[in-house]
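Close look at the chain arrangement
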Amino acid sequence: MPRIYLDNNATTPVHPDVIEAMLPFYRNSFGNPSCIHWAGKAVKGALEKARMQVASLVNCAPAEVVFTSGGSESINTAIKGVAAARRTRGNHIISTRVEHSAVFNCCRYLEKEGFRVTYLEVDSEGMLDLHALATAVTDQTVLIAAMYANNETGVIFPVHEIGEIASQRGVYFMCDAVQAAGKVPVNFKELRANLMALSGHKLYAPKGVGALIIRDGTQFRPLIHGGPQERNRRAGTENVAGIVGFGKACEIAEASLHFEGERLCRLRDMMESGIETSITDVKRNGHPVRRLPNTSNLSFGNVYAELLLEELDKEGIAVSAGSACAAGSREQSRVLSAMGMDGASMRSAVRISFGRENTEKDVEYLLGLLPVMVKRLRNKG
Ligand code: PLP
């Protein structure tokens, strides 16, 4: 049975060249980068090379890159760190109803600590209303926390406009670019964000490594206190092999960004038009154009997504219902619910996300099975 992985927004397989780049740091180059002897120096150089590779992918200064354990830590550091540092200025945060749990639950936590959070609505296509954002800003607002691209629908927010509003009003902007980096061009310098979260395992690096990009001069308090690593912005001996792998993955992503983006878009469009012609009552969720090239979120009328997932899994195909975190928890998708979808459409929503290992053959295999499965599940229901 073939194994076809179509869940690349949940995580990606580590690129073989990334593994190669990491191996020496498990074998011989074991030094602590803070040590000034030969063993430390050899490793320190690799860390700084990775910093440059990450900075180059997202167009920021290498000094603005702070290595972390991943997207969630970067987001926690950004939101809680800004809230603590700017508390005397105000206690209002603006976010949206479709953020990843890392952002959402940081905001919920801060609400318990006395902050007021405005969760902006989205429309039926998952798009943000910039006018509503601008009117939500008050003289108490210290931070706007919003995502670049949505993990469930792939919808891309107007992040440059968000950054513009934030900078005009003197409010910090934290952009969760975990799903965007490596899939679409991300330009930190032009974004006018103060902070931006990245995660390695979404772009073919290992799990447990990521970065927080912090614009020079941004007021924030570190989350993890200890040694002076990362210029006092994140304590702890660095995950050297992971960071080296993350750097290599960023280098590969930068070199293949346009080509790979177009290729994934072609695969996704081939799949969507194939489904459209072979299956009735299918609805695409999210903005039709402003979305990631690799992501498709579809509701199959009168089909339970979980049952369809099981059927696909039996044939070796891995897809997801809603977000990876929500899957299995039987909770309703916060994202689809914010888009005003009814319960039945939400329960029948499947996320298919392509990656670098997928080919047209995978799409053909899926299209060969899906119409029959959907028909069978509909007859059962
Ligand atoms: N933000 C978004 C949009 C995500 O999709 C994810 C992971 O699914 C995260 C943040 C959390 O990243 P990590 O898994 O590296 O903690």
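Higher on the page you've got the structure.
Remember, it's a predicted structure, so these values are computed and weren't measured experimentally. (Residues numbered from 1 in each chain as written. Predicted model: local features only at pLDDT ≥ 70, side-chain atom pairs only at ≥ 80, totals over all residues. Heavy atoms only, no water.)

Turning our eyes to something else, we now look at the sheet that holds strand S8 (residues 210-214). Pairing is mixed across the open sheet formed by seven strands, whose spatial order is S2-S8-S7-S6-S5-S3-S4. Of all the strands in the sheet, just strand S2 (65-68) and strand S4 (116-120) have a single pairing partner and so form its edges. Ignoring which end each strand starts from, the neighbouring axes of this sheet average 20 degrees apart. Here strand S3 (residues 92-96) runs beside S4; their pairing, made up of five bridges, is parallel. In the strand pairing of S4, Thr96 is matched with Leu120. (Pairing = 2+ DSSP bridges. Helix = DSSP H or I, 4+ residues; strand = E, 2+ residues; numbered from the N terminus. Axes fitted to C-alpha atoms, helices over the stretch in contact; angles between N-to-C directions.)

Attention shifts here to the pattern of salt bridges. One pass over the full model with this rule turns up 15 salt bridges. Between Glu272 and Arg284 there is a salt bridge, with the nearest N and O atoms lying 3.1 Å from each other. Residue Glu272 is located in helix H10 (residues 240-278), and its partner Arg284 is located in strand S9 (residues 282-284); the two are separated by 12 residues in the primary sequence. One salt-bridge network, held together by shared partners, links Lys44, Glu48, Arg51 and Glu230. (Salt bridge = Lys/Arg side-chain N within 4 Å of Asp/Glu carboxyl O.)

Mapped onto the secondary structure, Leu307 falls in helix H11 (residues 305-314). Take Leu307: its relative accessible area is 40%, and that puts it in the partly exposed class. Sequence spacing of Leu307 and Leu377 is 70 residues, and the spatial spacing of their C-alpha atoms is 7.8 Å. (Buried < 20%, exposed > 50% of the residue type's maximum accessible area, 1.4 Å probe, protein only.)

Its 12 residues give helix H5 (residues 101-112) an end-to-end C-alpha distance of 16 Å, which sits within 8% of 16 Å, the value for a rise of 1.5 Å per residue. Along H5, the residues that are buried comprise Ala102, Val103, Phe104, Cys106, Cys107 and Leu110. Lining the buried residues of H5 we find helix H4 (71-85), S3, S4, strand S5 (141-147), strand S6 (172-176) and helix H12 (334-338). Trailing H5 by a residue or two, Gly114 shows a phi angle of about 100 degrees, which is positive. (Expected span 1.5 Å × (residues − 1). Contact = heavy atoms within 4.5 Å.)

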